[in-house]
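# Inside the fold
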Amino acid sequence: MHRVRPTLRVLRDDLKLSFPSAQIPLDTMSHPLLDKASDQFTDPGAAQERIRVIDDVVLFKVKVQRWRGAVWIDDPEAEVSTWLVAAGTREDGSSDDFYAALGTAGETARARYNTEHNQA
């Protein structure tokens, strides 16, 4: 089984986990969200729910308890093909809800990029 690998940013900023030693592969770390993502994305043919508020890259939802995550799937032939790229908690109806905050951060990043790269 290929486990979902978290990015270093997800470990540090989102999950508040300490980095393991360099000898420990990131995809062997245990956390409810990482475990659920690995279970959910084991079968490449399984249906996944896309995060619709992000429209410039395809990200998929993973949910367990109050944890929410965004999974990005690379080329199936890549050494690591499935990544947990963002994580947070469910805050239903709040602007702090993970998926709402992810959408807002995406819009802000896109606006900043467009401003910085406007060649008008």
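Please refer to the structure higher up on the page.
Figured I'd write up the structure that's included with this text. Here the structure is a predicted model, which means the values were calculated and not measured. (Residues numbered from 1 in each chain as written. Predicted model: local features only at pLDDT ≥ 70, side-chain atom pairs only at ≥ 80, totals over all residues. Heavy atoms only, no water.)

For strand β3 (residues 67-73), the buried fraction is high: five of the seven residues fall into the buried class. In this sheet, β3 lies alongside strand β2 (residues 60-64) in antiparallel orientation, the contact comprising five bridges. Considered in β3, the bridge of Phe-60 is made with Val-71. Two successive antiparallel strands, β2 and β3, enclose a turn made up of two residues, where Gln-65 displays a positive phi of approximately 50°. (Buried < 20%, exposed > 50% of the residue type's maximum accessible area, 1.4 Å probe, protein only. Helix = DSSP H or I, 4+ residues; strand = E, 2+ residues; numbered from the N terminus. Pairing = 2+ DSSP bridges.)

Turning our attention to the side chain of Ser-81. Mapped onto the fold, Ser-81 is located in the loop between β3 and β4 (82-89). By relative accessible area, Ser-81 is classed as buried at 18%. The residues touching Ser-81, leaving out its near neighbours within four places in the chain, are Trp-72, Ile-73, Asp-74, Asp-75 and Pro-76. (Contact = heavy atoms within 4.5 Å.)

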